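# Topology and contacts: notes
Listed here are the chains, written in short residue letters.
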Amino acid sequence: MPPHLLILGGTTEARELAAALTAHPAVRVTTSLAGRVTRPAPLTGDTRTGGFGGPAGLSDWLRAHHVDALIDATHPFARKITTNALQAARDTGIPSIVLRRPGWHPSPDDDWHPVPSLTAAAAALPALGPHVFLTTGRLGLSAFAALQNLHFLIRSVEPPAPPLPPHTELLLTRGPFTLPDELTLLRTRRIDVLVTKDSGGEATAPKLTAARQLGLPVVVVQRPPLPENAMTVPDVQGALDWLSALGLRSSRVQLPKQLR
Ligand SMILES: NC(=O)c1ccc[n+]([C@@H]2O[C@H](COP(=O)([O-])OP(=O)(O)OC[C@H]3O[C@@H](n4cnc5c(N)ncnc54)[C@H](OP(=O)(O)O)[C@@H]3O)[C@@H](O)[C@H]2O)c1
């Protein structure tokens, strides 16, 4: 039986890792999605969708499907599944790693306002301008619903969950986005302030460059901390290297030579 790898997905990195691994026929790859998006981007390898039922449910799944290694490539703000994955790996003895892309860092020309939560982001906005470009995803936007005097342009892949602020325009689209497009958007919508999570990665970074070039403030929601003892790698290559090292050391996981 080829080694079975479970990727907890929902990110570009998870998709890229699945593509890199499924190029090797001697590895079986399953990517797990939470099921939040109705039309997820295409994935190679096997997929499964929906919650496992907490750490115990995930442990059961790992055992029942003879998983040899677990790669948590979920979004930096998906805190619960990362905690669950660590617990399940501990309980089952299955090796695991967190693939966590690095966060963004401000340059000296940036006017960033770091905040610990969406609620704190909402509290910061009235002092920063009336036209807000909100790019924090489709969930949790009720934090902004009481801001009756501000105008929101909300960009997300799927329609955000209500309640939303009364003056809201939706822009339903999926990245990546280019710098010229972001500059045009910020200019034509007369945006005063950008709100983002510190998601990191290339696909959505041009909005930060555009804000810097236009001298706009950016409210940056900081990442939740990783659980203690989580082993992390910053990119897909780091995950492949970790898997290769595992293949060299473990009798259970024998990865093809190309990965080593
Ligand atoms: N949070 C964000 O800003 C964000 C942005 C982009 C993409 N995503 C992706 O969207 C998914 C959900 O994010 P979230 O913040 O709602 O997660 P979360 O709060 O950490 O997870 C909530 C619950 O959803 C289920 N779940 C989450 N990710 C899963 C996965 N990959 N496969 C199976 N079940 C999963 C788990 O249910 P059970 O306890 O029942 O197993 C988990 O306890 C994640 O996979 C993440 O990668 C999140």
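Please refer to the structure placed before this passage.
Residues numbered from 1 in each chain as written. Predicted model: local features only at pLDDT ≥ 70, side-chain atom pairs only at ≥ 80, totals over all residues. Heavy atoms only, no water.

## Observations concerning the pairing of strand E4 (residues 69-72)
- Residue alternation in E4 divides its side chains into two sets, Ala-69 and Ile-71 and Leu-70 and Asp-72, and both sets are buried.
- Looking at chain direction, strand E1 (residues 4-8) and E4 are connected through four bridges and run parallel. Along E4, the bridge assignment pairs Ile-7 with Ile-71.
- Relative to strand E5 (residues 96-99), E4 runs parallel, the two being bridged by three bridges. (Buried < 20%, exposed > 50% of the residue type's maximum accessible area, 1.4 Å probe, protein only. Helix = DSSP H or I, 4+ residues; strand = E, 2+ residues; numbered from the N terminus. Pairing = 2+ DSSP bridges.)

## Structural notes on the sheet that holds E4
- As summarised here, the arrangement of the six strands in space is E3-E2-E1-E4-E5-E12, forming an open sheet in which the pairing is parallel. The open sheet has two edge strands with one neighbour each: strand E3 (46-49) and strand E12 (232-233).
- Sheet strands touched by helix H1 (residues 12-22): E1, strand E2 (28-33), E4 and E5. Its angle to E1, the strand with the most contacts, is close to 165 degrees.
- Contacts between helix H2 (residues 54-64) and the sheet are confined to E1, E2, E3 and E4, with E1 contributing the most and set at about 150 degrees to the helix. (Contact = heavy atoms within 4.5 Å. Axes fitted to C-alpha atoms, helices over the stretch in contact; angles between N-to-C directions.)

## A word on the pairing of strand E11 (residues 217-221)
- With five of five residues buried, E11 is to be regarded as a mostly interior element.
- Of the two faces of E11, the one holding Pro-217, Val-219 and Val-221 and the one holding Val-218 and Val-220 are both buried throughout.
- Looking at chain direction, strand E6 (residues 111-115) and E11 are connected through five bridges and run parallel. Following the sheet pairing, His-113 is matched in E11 by Val-219.
- Each parallel crossover has a hand, and for strand E10 (residues 193-197) linked through helix H6 (residues 206-214) to E11 it is right-handed. (Right-handed = clockwise from strand over helix to strand, strands pointing away.)

## Section: the sheet that holds E11
- Here we have six strands laid out as an open sheet, ordered E6-E11-E10-E7-E8-E9, and parallel in their pairing. Each edge of the open sheet is held by one strand with a lone partner, namely E6 and strand E9 (168-172). Adjacent strand axes in the sheet meet at a mean angle of 20 degrees, parallel and antiparallel pairs treated alike.
- Across the sheet, helix H5 (residues 179-188) is in contact with strand E7 (131-135), strand E8 (151-156) and E9; its angle to E8 comes to roughly 155 degrees.

## Let's talk about the pattern of salt bridges
- Enumeration according to the criterion identifies seven salt bridges in this entry.
- Residue Glu-13 is joined to Arg-101 by a salt bridge in which the shortest nitrogen-to-oxygen separation is 2.9 Å. Taken as a pair, Glu-13 in helix H1 and Arg-101 in the loop between E5 and E6 lie far apart in primary sequence, 88 residues in all.
- For Glu-13, a relative accessible area of 14% translates into the label buried.
- Taking the relative accessible area as the measure of exposure, Arg-101 reaches 12% and is therefore buried. (Salt bridge = Lys/Arg side-chain N within 4 Å of Asp/Glu carboxyl O.)

## So, the site of the ligand
- Within the structure, the ligand sits among 21 residues, and Ser-32, Phe-52, Gly-53, Ile-81 and Lys-197 are positioned closest to it.
- Between the ligand and the protein, one listed contact pairs an oxygen atom with a backbone N or O atom of Gly-54 at 3.1 Å.
- Calculation on the ligand without its partners gives an accessible area of 810 Å², and the protein chains cover 78% of this total.
- When residues of the shell around the ligand are traced back to their parent elements, those giving at least two are E2 and helix H3 (79-92).
- Its residues assigned to classes, the shell around the ligand comprises six nonpolar, ten polar and five charged. (Near = heavy atom within 4 Å. Polar contact = N/O pair within 3.5 Å; in protein donor to acceptor, adjacent residues only side chain to side chain. Areas by Shrake-Rupley, 256 points an atom, 1.4 Å probe, with all protein chains shown as cover. Nonpolar A, V, L, I, M, F, W, Y, C, P; charged D, E, K, R; others polar.)

## Let's talk about the nonpolar core
- Counting 20 residues, the largest nonpolar core has Ile-7, Leu-17, Leu-21, Ile-71, Leu-99 and Leu-243 as the members making the most contacts within it.
- Elements with a contribution of two residues or more to this core: E1, H1, E4, E5 and helix H7 (236-249).
- Among the elements that line this core, the one with the most residues is H7, at six residues.
- Non-local contacts of Ile-7, meaning those with residues more than four positions away in its chain, are made with Ala-14, Leu-17, Ala-18, Leu-21, Val-29, Thr-30, Thr-31, Ser-32, Ile-71 and Ala-73.
- Phe-77, Leu-125, Leu-147 and Ile-154 belong to the second-largest nonpolar core, a separate cluster that totals 19 residues. (Core = buried A, V, L, I, M, F, W, Y, C linked by side-chain atoms within 4.5 Å.)

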